Amino acid sequence: MDSPTIVAVCNQKGGVGKTTTAVNLAAGLALQGHRTLLVDLDIQGSASATLGRSPSEGAVDVARVLLEDRPLDEAVISTAVEGLSLAPAGERMALVDLHLASAYGRERALERALRGPRVRDHAFVVIDTAPYLGLLTVNAILACDQVLVPVSCEYLPMLGLKLLEQTLEQLRSRAGARAGVLGYLLTMVDRRERITTEVEEILRGRFGEAVFRTVVRANTHHKAAPSFRRTIFEHEPSGGKGREDYEALTAEVLSRLGKAPGVKTAARRPRVRKATPSGEGIVVRPLARAGS
Ligand SMILES: Nc1ncnc2c1ncn2[C@@H]1O[C@H](COP(=O)(O)OP(=O)(O)OP(=O)(O)O)[C@@H](O)[C@H]1O
Ligand SMILES: [Mg+2]
């Protein structure tokens, strides 16, 4: 059994589109026929709430996995999206950082938990993380192969990117993190606003090819979909720009990982929809590592 490719969606800045991106990228991958597991590692449990699944009474969730050193296999549940599974956060998630602070091997608790056969039966694991660089996020970074960084088109979120880069660098040099930066993703893009153009110019100037070509446009459907407990693919009519953006992101992610349509992965095959044209022809290049 191949190991899944693990992508952590990280940015310690709040409200930049991490959960929206984690949920819709995971759904996009599943709809392309790649069995995908979304792991909710945020105490807010927003990804779990969006997918409409909170664990039943007494069920194992991600919090219990980390508090009780259990395999994450025990927390995996199905969702309404074919091929998409969820490991919901759970109510006790807020206790996990404190618990891990005094636990042996605390920074790799998630990595250990991800080794079971049910997790490994997925082609991708997408991790939604919390808006701070605590032990939970460190666990996500040490467990993952790639970090995807959403950046909303505002001034302040850009300021925090240096800290994220430094954290990644330190985790690589001191803790053996293997994570590369899969890409920086511009979210909430509104071309009528000058700040959008400014942020895009600065980001592309600073990170070049590491910035995804795909941008996620500002779209009220993204705000509404979670309240209906739907992904954008279930919520927005076909042809909608929210679906289009996340289909394009899915294609670009697959392309960057060398798993574009036609390339075999460990995926089992649920219903396969056609790939978006926007992902075709994207050149696969070595993954950018911040600071290298
Ligand atoms: N492209 C978009 N257009 C408009 N609204 C968006 C877009 N993406 C996300 N939103 C909305 O912006 C808010 C923040 O998004 P989201 O919850 O995904 O960010 P986050 O980084 O996960 O936040 P937190 O740091 O609190 O976990 C939410 O209300 C979400 O619905
Ligand atoms: Mg979130």
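What you see is a predicted model; the values in this text were computed from it and never measured. (Residues numbered from 1 in each chain as written. Chains lettered and ligands numbered in written order. Predicted model: local features only at pLDDT ≥ 70, side-chain atom pairs only at ≥ 80, totals over all residues.)

This next bit is on the pairing of strand β4 (residues 84–87). In β4, alternate side chains face the same way, and those of Leu 84 and Leu 86 on one face and Ser 85 and Ala 87 on the other are all buried. Relative to β4, strand β2 (residues 36–40) is paired through four bridges, and the arrangement is parallel. Looking at β4, one finds that Leu 38 is bridged to Leu 86. In the sheet, strand β3 (residues 77–78) pairs with β4 via two bridges, with the strands oriented antiparallel. Opposite Ile 77, over in β4, you have Leu 86 as the bridge partner. Hairpin connection of β3 to β4: five residues between the antiparallel strands, including Gly 83 at a positive phi of 85 degrees. (Buried ≥ 20, exposed ≤ 12 C-beta atoms within 10 Å, placed from the backbone. Helix = DSSP H or I, 4+ residues; strand = E, 2+ residues; numbered from the N terminus. Pairing = 2+ DSSP bridges.)

In space, the seven strands of this open sheet follow the order β3-β4-β2-β5-β1-β6-β7, with mixed pairing throughout. A strand with exactly one partner marks an edge of an open sheet, and here the two such strands are β3 and β7 (180–187). In the sheet, β2 pairs with strand β5 (residues 124–128) via five bridges, with the strands oriented parallel. When the bridges of β5 are listed, Leu 38 appears paired with Val 126.

Attention now moves to the confidence of the model for the protein. In this model, the protein carries a mean pLDDT of 88, and residues with pLDDT of at least 70 account for 88%. Per-residue pLDDT stays below 50 along residues 264–292; that stretch engages in 58 contacts with residues further than four places along the chain or on separate chains. (pLDDT = per-residue confidence, 0-100. Contact = placed C-beta atoms within 7 Å.)

Okay, the nonpolar core next. Within the largest apolar cluster, 87 residues are counted, with the highest numbers of intra-cluster contacts made by Ile 141 and Val 147. Residue contributions to this core peak at eight residues, all from helix α1 (residues 18–31). Contact partners of Ile 141, with chain neighbours within four places excluded, come to Ala 8, Cys 10, Val 147, Leu 168, Leu 171, Ala 177 and Ala 179. (Core = buried A, V, L, I, M, F, W, Y, C linked by C-beta atoms within 7 Å.)

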